[in-house]
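# Notes for the structure review
Chain by chain, the residues run as shown.
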Amino acid sequence: MRKFARFLIVTLLVQIPITAIAGPAEDANAVVDRGSAAYSTNDTELVVQNYWPDAIVLGTVSPVMSEGTEAIRTYFSPLNGSGNKNAIGERRTIVLDDNAVVVTGFYLFTRMVDGKPVPGPSRFTMLLTKRNGEWRIAHHHSSPHVQPKN
């Protein structure tokens, strides 16, 4: 029992510094990663949970701004059961302050069209903000990524 107690204490002590070194950049990027994973589950509600109720989405395939939870839910609703996937590639992170971070980069959407995967290279910029100790997306812009000419 003593060995187990010692093991438990050491394990807890080892984990404390990990929590202490996480900052705004890491916290914001965790939300970006969580949002990408949610997209790949094809669950609109999981995706929407990553956005603040007053968030704005300028979607890759939308001609309008989606502002607020209901509009964002509507934008992502075709995702349900679609088989679509998202993989984040290169990104850059700018910490504005302890409560605001901008993350910009590239991601690859793989959308199912007539049962076949169709790649959609895209780029994004997200403003993530912290409110009451929680990080979520406040603004998300996404557009097709122009590929270099060969």
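Here, the structure is the one placed above.
In this report, we go over the structure that sits alongside the text. (Residues numbered from 1 in each chain as written. Predicted model: local features only at pLDDT ≥ 70, side-chain atom pairs only at ≥ 80, totals over all residues. Heavy atoms only, no water.)

### Section: the packing of aromatic side chains
Applying the stated criterion to the full structure yields five aromatic pairs. Cluster of aromatic residues (ring-pair linked, three or more members): Tyr39, Tyr107, Phe109 and Phe124. (Phe/Tyr/Trp six-rings, centres within 6.5 Å; stacked < 30°, edge-to-face > 60°.)

### Some thoughts on the layout of surface pockets
Roughly 340 Å³ of volume is contained in the largest pocket. Around the largest pocket, the lining comprises 25 residues; the ones closest to its centre are Tyr39, Tyr75, Phe76, Leu79 and Phe109. Elements with a contribution of two residues or more to the lining of the largest pocket: helix H2 (24-41), strand S1 (51-58), helix H4 (69-76), strand S3 (85-97), strand S4 (100-113) and strand S6 (134-144). Looking at the lining of the largest pocket element by element, the count peaks at four residues for H2. In the lining of the largest pocket, the residues fall into 15 nonpolar, nine polar and one charged. (1 Å grid on protein atoms, 1.4 Å probe; cavity = no way out; pocket = protein on both sides within 12 Å on 5 of 7 lines; lining within 4 Å. Points joined across faces, edges and corners; volume = space filled by probe spheres on them. Helix = DSSP H or I, 4+ residues; strand = E, 2+ residues; numbered from the N terminus. Nonpolar A, V, L, I, M, F, W, Y, C, P; charged D, E, K, R; others polar.)

### With respect to the pattern of salt bridges
Enumeration over the complete set of coordinates arrives at six salt bridges. The shortest N-O distance in the salt bridge between arginine 91 and aspartate 33 comes to 2.6 Å. Taken together, the residues span a long stretch of sequence, with arginine 91 in strand S3 and aspartate 33 in helix H2 at a distance of 58 residues. You can call arginine 91 partly exposed: its relative accessible area is 25%. For aspartate 33, a relative accessible area of 37% puts it in the partly exposed group. Ionic pairing is found between arginine 131 and aspartate 54, a salt bridge with its closest N-O pair at 3.1 Å. (Salt bridge = Lys/Arg side-chain N within 4 Å of Asp/Glu carboxyl O. Buried < 20%, exposed > 50% of the residue type's maximum accessible area, 1.4 Å probe, protein only.)

### Re unusual backbone geometry
The backbone of asparagine 42 shows a phi angle near 65°, a positive value even though the residue is not glycine. If you trace the backbone, asparagine 42 turns up in the loop between H2 and helix H3 (44-48). Although it is not a glycine, asparagine 132 adopts a positive phi angle of roughly 50°.

### Examining H2
Because the α-helix completes a turn every 3.6 residues, residues three or four places apart line up on one side. End to end, H2 covers 26 Å across 18 residues, agreeing with the expected 26 Å (1.5 Å per residue, within 8%). Taken together, the buried positions of H2 are occupied by Ala25, Ala28, Asn29, Val31, Val32, Gly35, Ser36, Ala38, Tyr39 and Ser40. Along its buried surface, H2 packs onto H3, H4, S3, S4, strand S5 (116-131) and S6. Backbone geometry just downstream of H2 places asparagine 42 in the positive-phi region, at approximately 65°. (Expected span 1.5 Å × (residues − 1). Contact = heavy atoms within 4.5 Å.)

### Quick notes on H4
When we look at burial in H4, the residues that qualify are Ile72, Tyr75 and Phe76. Down the axis, H4 shows its buried residues gathered within 90° of arc, on one side only. Residues Glu70 and Thr74 are exposed on H4 and point more than 90 degrees away from its buried face. Packing partners of the buried residues in H4 comprise H2, H3, S1 and strand S2 (66-67). (Arc of directions from axis to C-beta.)

### Some thoughts on the nonpolar core
Counting 25 residues, the largest nonpolar core has Val47, Tyr51, Ile72, Phe76 and Leu128 as the members making the most contacts within it. Elements supplying a minimum of two residues to this core: H2, H3, S1, H4, S4, S5 and S6. Of all the elements, H2 adds the most residues to this core, at five residues. When near neighbours in sequence (up to four residues on either side) are disregarded, tyrosine 51 contacts Val57, Ile72, Phe76, Arg136, Ile137 and His140. (Core = buried A, V, L, I, M, F, W, Y, C linked by side-chain atoms within 4.5 Å.)

In short, shape yes, function no, at least from these values alone.
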